[in-house]
Amino acid sequence: MSTITTQPAAVRPRRRGGAGLGLVAWLVGLLFFLPIAWMALTSLHSEADAATNPPSFSASLTLDSYREFFGAGGGADPWPALINSVTASVASTLFVLLLALPAAYALSIRPVRKWTDVLFFFLSTKMLPVVAGLLPIYLFAKNAGMLDNIWLLVVLYTSMNLPIAVWMMQSFLAEVPVAVIEAARVDGARLPTILARVVAPIALPGIAATALICFIFSWNELLFARVLTGVVAETAPVFLTGFITSQGLFLAKVCAASLVISLPVLAAGFAAQDKLVQGLSLGAVK
């Protein structure tokens with residue numbers, strides 16, 4: 001006597017649903033990629049072709065905007081601003097990780113009373129509008145002689161990103177098995193050794209996700225860099241605003257500059273995409 005199984009019929013709808021979700025994911029990805037592709041195409045046009053409305057897809061391509069961005073036409077040199085952005089973003093991200101890892105360890109693994117109140121306090125600091133603290137910080141920097149100093153931006157970016165880093169890493173470190181930490185203590189490991197050799201390797205995806213987000217926030221910050229810097233500590237976003245002058249908007253050159261300045265963030269996100277997905281999903285399901 002033969003038996004009838006319904007497994008293939010149950011599998012087919014799932015495959016159709018998976019294909020539909022995959023198609024939606026591709027469409028959303030293309031939707032987010034379209035502005036970048038449009039910006040890259042516009043940067044390869046001349047200023048006359050870039051200003052046409054509607055845009056001409058058959059216009060000739062040229063690298064003149066990139067040459068002018070890098071100072072070939074006698075313009076400003078972008079390398080000091082790019083180096084300042086790299087210095088401020090990388091240094092502040094390293095300081096954030098060094099400070100956030102012990103704090104998150106204390107809030108997630110070590111017994112701390114009212115740790116939820118501490119996390120709420122960290123998040124409440126992000127609710128203050130940045131403009132509200134701009135004047136006091138400017139006066140402090142002026143009296144301390146730290147205007148147009150890149151290390152002032154490092155301190156500011158560290159303090160701005162530290163609350164969100166502690167909040168993120170607390171959920172990541174909460175997934176670290178306590179038995180592994182206790183075993184390390186039995187073997188005589190001290191807290192720095194536990195953090196560096198036990199906790200950090202296990203929570204590496206979460207640490208990478210936190211570092212990438214802090215790097216992006218620091219790289220894209222404009223308000224403090226615009227007000228507190230001048231020539232010496234000018235960052236890449238501030239340098240980019242210099243292309244918008246009273247003479248008009250040079251669209252091709254702005255697109256070329258925007259693409260070049262966005263490349264470090266895009267490269268960092270692409271290189272750490274696997275760690276970013278693992279880190280952002282870590283702690284989502286318990």
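Now for a quick tour of the structure. The model shown is predicted, which means the values in this text are computed figures rather than measured ones. All residue numbers here refer to positions counted from 1 along the written sequence of the relevant chain. Predicted model: local features are reported for residues with pLDDT of at least 70 only, side-chain atom pairs are reported and counted for 80 or more only, and whole-chain, interface and lining totals are derived from all residues. In computing side-chain properties, one takes all heavy atoms of the structure into account and sets aside hydrogens as well as water.

### Some thoughts on the overall build of the protein
- What the protein contains, in helices and strands, is 14 helices and two strands.
- Contacts are assigned to residue pairs with any non-hydrogen atoms lying within 4.5 Å of each other. Look at the contacts in the protein between residues 6 or more apart in sequence, and 76% of them connect residues 24 or more apart.
- For the protein, the accessible area works out to roughly 17300 Å², and carbon and sulfur atoms hold 69% of it. Numbering of helices and strands runs from the N terminus; a helix is a DSSP stretch of H or I covering at least four residues, while a strand is a stretch of E covering at least two. The protein chains shown are the only cover counted for residues, whose accessible areas, like all others here, come from Shrake-Rupley with a 1.4 Å probe.

### Regarding the pattern of salt bridges
- Salt bridges are identified by distance alone: a Lys or Arg side-chain nitrogen within 4 Å of an Asp or Glu carboxyl oxygen. This model, assessed by the stated rule, comprises two salt bridges.
- With a closest N to O distance of 2.8 Å, Asp-64 and Arg-67 form a salt bridge. Linking Asp-64 with Arg-67, this pair stays in helix 3 (residues 64-69), spanning three residues, or about one helical turn.
- Note on Asp-64: relative accessible area 40%, which makes it partly exposed.
- In this structure, Lys-253 engages Glu-68 in a salt bridge whose closest nitrogen and oxygen atoms are separated by 3.1 Å. Here's how the labels work: a residue is buried when its accessible area is under 20% of the maximum for its type, exposed when over 50%, partly exposed in between, all with a 1.4 Å probe on protein chains only.

### Some words on the packing of helix 7 (residues 150-173) against helix 10 (residues 204-220)
- Put simply, helix 7 and helix 10 touch, their axes get as near as 10 Å, and they point 155° apart. Between helix 7 and helix 10, the angle falls in the class roughly antiparallel. Here helix 7 and helix 10 pass one another in a crossing that is right-handed. The segment helix 7 lies against helix 10, with Tyr-157, Asn-161, Ala-165, Met-168, Met-169 and Phe-172 engaging Gly-206, Ile-207, Ala-209, Thr-210, Ile-213, Cys-214, Phe-217 and Ser-218.
- Asp, Glu, Lys and Arg are counted as charged, while Ala, Val, Leu, Ile, Met, Phe, Trp, Tyr, Cys and Pro are counted as nonpolar; the rest, among them Gly, fall into the polar class. Looking at the contact of helix 7 with helix 10 residue by residue, the classes come out as 10 nonpolar, four polar and no charged. Axis lines are fitted through C-alpha atoms, for helices just across the contact stretch, and the angle between N-to-C directions can take any value from 0 to 180 degrees. Working definition: roughly parallel below 35 degrees, roughly antiparallel above 145 degrees, roughly perpendicular at 65 to 115 degrees, and oblique for all remaining angles. In this scheme the crossing of two helices becomes right-handed for a clockwise turn of the near helix relative to the far one and left-handed for an anticlockwise turn of less than a right angle.

### Topic: the nonpolar core
- Residues belong to a common nonpolar core when they are buried Ala, Val, Leu, Ile, Met, Phe, Trp, Tyr or Cys residues joined through side-chain atoms within 4.5 Å. Counting residues in each nonpolar core, the largest one holds 30 residues, and the members touching the most others are Tyr-105, Met-169, Leu-173, Ile-181 and Val-199.
- Only helix 4 (79-108), helix 5 (115-124), helix 7, helix 8 (178-186), helix 9 (191-202) and helix 10 provide two or more residues apiece to this core.
- Filtering out sequence-adjacent residues up to four positions away, Leu-173 remains in contact with Leu-101, Ala-104, Tyr-105, Ser-108, Ile-109, Val-199 and Ala-203.
- Judged by nonpolar contacts, the second largest core, of 18 residues, contains Phe-215, Phe-243, Cys-255 and Val-260.

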